[in-house]
Amino acid sequence: MKKGLFIFLSVFLVLLVSFGMLIGCSESLGDKIGEATISIECKTILNNMEKAEQGLIDNNLIPNDGIILEKVGVSIYEKDNVYTMLKRVCKQNKIHLHCDFEPVFKTYYIKGINHIYEMSVGESSGWMYFVNNEQPNQGASLVKVANGDEIRFAYTVIAGDLQ
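Residue numbers here run from 1 along each chain, matching the order of that chain's written sequence. At least 70 in pLDDT is required for a residue's local features to be given in this predicted model, at least 80 for side-chain atom pairs to be given and counted, and no such filter applies to totals for whole chains, interfaces and linings, which use all residues. Computation of side-chain values covers all heavy atoms of the structure but excludes hydrogens and water.

Colleague: I tried to follow the confidence of the model for the protein on my own but got confused; where do I start?
Modeller: Caution applies to low-pLDDT regions: their predicted coordinates should not be interpreted in detail. You can read pLDDT as the predictor saying how much it trusts each residue, on a scale of 0 to 100. Of the residues in the protein, 83% have a pLDDT of 70 or more, and the chain-wide mean is 87. The contact rule is simple, with two residues in contact once any of their heavy atoms fall within 4.5 Å. Below a pLDDT of 50 lies the segment residues 9-26, which in the model reaches zero contacts outside its immediate sequence neighbourhood of four places, other chains included.

Colleague: How should I be thinking about the pattern of salt bridges in this particular structure?
Modeller: In the sections that follow, a salt bridge refers to a side-chain nitrogen of Lys or Arg positioned within 4 Å of a carboxyl oxygen of Asp or Glu. Overall, the coordinates contain four salt bridges when judged by the stated rule. Taking the shortest distance from any N to any O, the salt bridge between Asp80 and Arg88 comes out at 2.8 Å. Asp80 gets classed as buried once you look at its relative accessible area, which sits at 1%. Burial classes follow relative accessibility: with a 1.4 Å probe on protein chains only, a residue under 20% of its type's maximum area counts as buried, one over 50% as exposed, and anything between as partly exposed.

Colleague: Before we go on, may I ask you to explain the nonpolar core in this structure?
Modeller: A general tendency of soluble globular proteins is for nonpolar side chains to be buried together. As used in this record, nonpolar core signifies buried Ala, Val, Leu, Ile, Met, Phe, Trp, Tyr and Cys residues forming a set joined through side-chain atoms within 4.5 Å. Ranked by internal contacts, the top residues of the largest apolar core, which has 35 residues, are Ile40, Ile45, Val82, Leu86, Ile116, Trp127 and Phe153. Under the DSSP-based scheme used, a helix requires at least four consecutive residues in state H or I and a strand at least two consecutive residues in state E, with every element numbered from the N terminus. Secondary structure elements with two or more residues in this core: β1 (32-41), β2 (67-77), α4 (82-92), β4 (107-113), β6 (126-131) and β7 (150-156). Here the element with the most residues in this core is α4; it accounts for six residues. Residues within four places of Ile45 in sequence aside, it is in contact with Ala52, Ile62, Ile116, Val121, Tyr155 and Val157.

Colleague: Any chance you could explain the packing of aromatic side chains here in plain terms?
Modeller: Pairs of aromatic rings are described using the distance from one ring centre to the other and the angle between the two planes. Aromatic pairs are defined between Phe, Tyr and Trp rings, using the six-membered ring for Trp, whenever the two ring centres lie within 6.5 Å; interplanar angles under 30 degrees are classed as stacked, those over 60 as edge-to-face, and all others as tilted. According to the stated counting rule, one finds four aromatic pairs in the structure shown. A ring pair is formed by Phe101 and Tyr108, whose centres lie 5.1 Å apart and whose planes are at 65°; its orientation type is edge-to-face. A centroid spacing of 5.6 Å and a plane angle of 25° characterise the contact between Tyr129 and Phe153, whose relative ring orientation is stacked. With Tyr129 in strand β6 and Phe153 in strand β7, this pair connects stretches of sequence that are 24 residues apart.

Here is the structure:
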């Protein structure tokens with residue numbers, strides 16, 4: 001009887017500690033403060049299909065209209081930034097997202113969205129983002145989001161093709 005009780009209490013304690021760690025490690029973004037919109041597109045690839053890696057074509061990763069995610073409304077929380085919103089919307093819509101934290105710049109670098117990576121369509125290609133049609137000069141996790149902001153992630157193939 002004592003051995004069974006000991007095992008039960010041991011398992012219960014492990015579960016309790018694990019649950020506490022999960023709650024303690026979750027990052028709260030604070031209270032809701034507004035709403036913004038976000039969209040993801042790769043339209044520039046459509047005019048440069050000859051440069052695209054064959055895997056993108058073979059796996060149908062480039063949408064016919066170049067739209068990966070139509071503009072959607074997203075709640076903004078106190079601690080939100082462009083990166084946290086992108087991460088959340090990709091998770092909600094089951095869109096692949098690959099980012100790396102860059103300690104030198106103290107921000108996240110967006111390497112791939114929807115399995116479309118930097119340099120997948122030429123040496124100058126990669127992901128850019130805009131807030132209210134302006135391109136911030138810092139990483140996405142350093143840019144706070146305000147009520148009504150319009151965020152757009154777009155894939156560029158050559159400099160100037162997103163103007």
